[in-house]
Structures are given as structure tokens and as C-alpha cells.
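Chain by chain, the residues run as shown.
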Amino acid sequence: MTRARLQWNGAAATGAIREAAARGALLGAEHVLQASRQRVPIAEGTLERSGAASVDEQQLAAAVSYDTPYARRVHEDLNARHSPGRSAKYLESVLPESAGTVQALIAAQVRRALRS
């Protein structure tokens, strides 16, 4: 009879998966940021340049934000006129379109961590 020995490193595996998920979430947020920059209204480019992606590794939550005093107003004003291809809801409108890509980016990072 052949015996096998298995050592389970559950805490290390869980930690590696969480780190990978956080990396994937940041990559996903950066993808959403890039897509929203293609739609953000441009006057001088200040709003577009203020965009940032971040991740809270403890909560496994990612965020995309624009940091100008008028970012919220421009995002919500459906009556404003913008250049072709640019629009209000520049961030909100890309989220449904980007969901599959974001999920794939997170999954790829987790798969990579599981192979190590």
C-alpha cells in the first residue's frame, strides 16, 4: 500500500487568493477608468485628468473617481451639451458594459495565484 502525505496551507492559500483578487479589482477599476475617460466631457481636460482608480484590499472593493469640484454636476447634468462621443453619466454608463471584462480580469489574477 502506498501512502501519501498532504500538507494543507489554507491560510497561505487564502491570503494569496485575496491578494490576487485585490490586484484583479484594481486592474478592473483601471479598465473602467480608461473606458470612462473616453466619454468624459472635455473643456480643458482637467476633469479627465482628475480620474483615479483605487482598491481597498481589506474590503476587496475597488473605486473609480473623478476629483474636481464640478465632477458630480457634470456627471449628473443630462441637459448639458457635450462634444460628440462625450456625455453625462460618463462613469455610470460604462459600468454595465465593463462588468464582464472586470470579472475576467479578477478571475485571471486568482487563477494565476492558484497556479503558484
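Before reading on, note that the structure itself is shown above.
Bear in mind the structure is a predicted one, so any value in this text is a computation, not a measurement. (Residues numbered from 1 in each chain as written. Predicted model: local features only at pLDDT ≥ 70, side-chain atom pairs only at ≥ 80, totals over all residues. Heavy atoms only, no water.)

Looking at a positive patch on the surface
Phase 1: Positive charge collects at one region of the surface, where Arg23, Arg111, Arg112 and Arg115 lie side by side.
Phase 2: With three residues, helix H4 (residues 94-115) is the largest single contributor of residues to the positive patch.
Phase 3: With respect to the secondary-structure elements, Arg112 resides in helix H4.
Phase 4: Owing to a relative accessible area of 47%, Arg112 belongs among the partly exposed residues under this scheme. (Patch = residues over 30% accessible without salt bridge, like charges linked within 9 Å, V, L, I, M, F, W, Y side chains within 5 Å. Areas by Shrake-Rupley, 256 points an atom, 1.4 Å probe, with all protein chains shown as cover. Salt bridge = Lys/Arg side-chain N within 4 Å of Asp/Glu carboxyl O. Lys, Arg positive; Asp, Glu negative; His and termini not counted. Charge placed at Lys NZ, Arg CZ, Asp CG, Glu CD. Helix = DSSP H or I, 4+ residues; strand = E, 2+ residues; numbered from the N terminus. Buried < 20%, exposed > 50% of the residue type's maximum accessible area, 1.4 Å probe, protein only.)

Observations concerning the nonpolar core
Phase 1: One finds Val32, Leu47, Val64, Tyr66, Tyr90 and Leu91 to be the most contacted residues of the largest nonpolar core, which totals 13 residues.
Phase 2: Secondary structure elements with two or more residues in this core: helix H1 (10-37), strand E2 (61-66), helix H3 (71-76) and H4.
Phase 3: Element by element, the count of residues in this core is highest for H1, at three residues.
Phase 4: Ignoring anything within four residues of it in the chain, the contact list for Leu47 reads Val40, Pro41, Tyr66, Thr68, Tyr70, Ala71, Val74 and Tyr90. (Core = buried A, V, L, I, M, F, W, Y, C linked by side-chain atoms within 4.5 Å. Contact = heavy atoms within 4.5 Å.)

Thoughts on the side chain of Ser50
Phase 1: Position of Ser50 relative to the elements: it lies in the loop between helix H2 (46-49) and strand E1 (51-56).
Phase 2: Within polar-contact distance, the side chain of Ser50 engages the backbone nitrogen of Asp67 at 3.1 Å.
Phase 3: Setting aside anything within four residues of it in sequence, one finds Ser50 in contact with Ser65, Tyr66, Asp67 and Thr68. (Polar contact = N/O pair within 3.5 Å; in protein donor to acceptor, adjacent residues only side chain to side chain.)

Points about the packing of H1 against H4
Phase 1: Closest axis-to-axis distance for the H1/H4 pair is 8 Å, and the angle between their directions is 150°. By the angle between their directions, the pair H1 and H4 is classed as roughly antiparallel. Both H1 and H4 take part in a crossing whose hand is right-handed.
Phase 2: Looking at the contact of H1 with H4 residue by residue, the classes come out as 16 nonpolar, seven polar and one charged. (Axes fitted to C-alpha atoms, helices over the stretch in contact; angles between N-to-C directions. Parallel < 35°, antiparallel > 145°, perpendicular 65-115°, else oblique. Left-handed = near helix turned anticlockwise from the far one by under 90°. Nonpolar A, V, L, I, M, F, W, Y, C, P; charged D, E, K, R; others polar.)

Some words on the environment of Leu91
Phase 1: Position of Leu91 relative to the elements: it lies in the loop between H3 and H4.
Phase 2: Classification of Leu91 as buried rests on a relative accessible area of 17%.
Phase 3: The sequence separation of Leu91 and His75 amounts to 16 residues, and the corresponding C-alpha distance is 7.5 Å.
Phase 4: Discounting chain neighbours no more than four positions away, the residues touching Leu91 are Val32, Ser36, Val64, Tyr66 and His75.

What about the pattern of salt bridges?
Should their charged atoms come close, side chains of opposite charge can pair.
Phase 1: Enumeration according to the criterion identifies three salt bridges in this entry.
Phase 2: A salt bridge links Arg39 to Glu97; its shortest N-O distance comes to 2.6 Å. Highlighted residues: Arg39 in the loop between H1 and H2 and Glu97 in helix H4, separated in sequence by 58 residues.
Phase 3: The exposure class of Glu97 is exposed, given its relative accessible area of 55%.
Phase 4: Residue Glu92 pairs with Lys89 through a salt bridge whose shortest N-O separation is 3.4 Å.
Phase 5: A network of salt bridges, in which partner residues are shared, links Glu76, Lys89 and Glu92.

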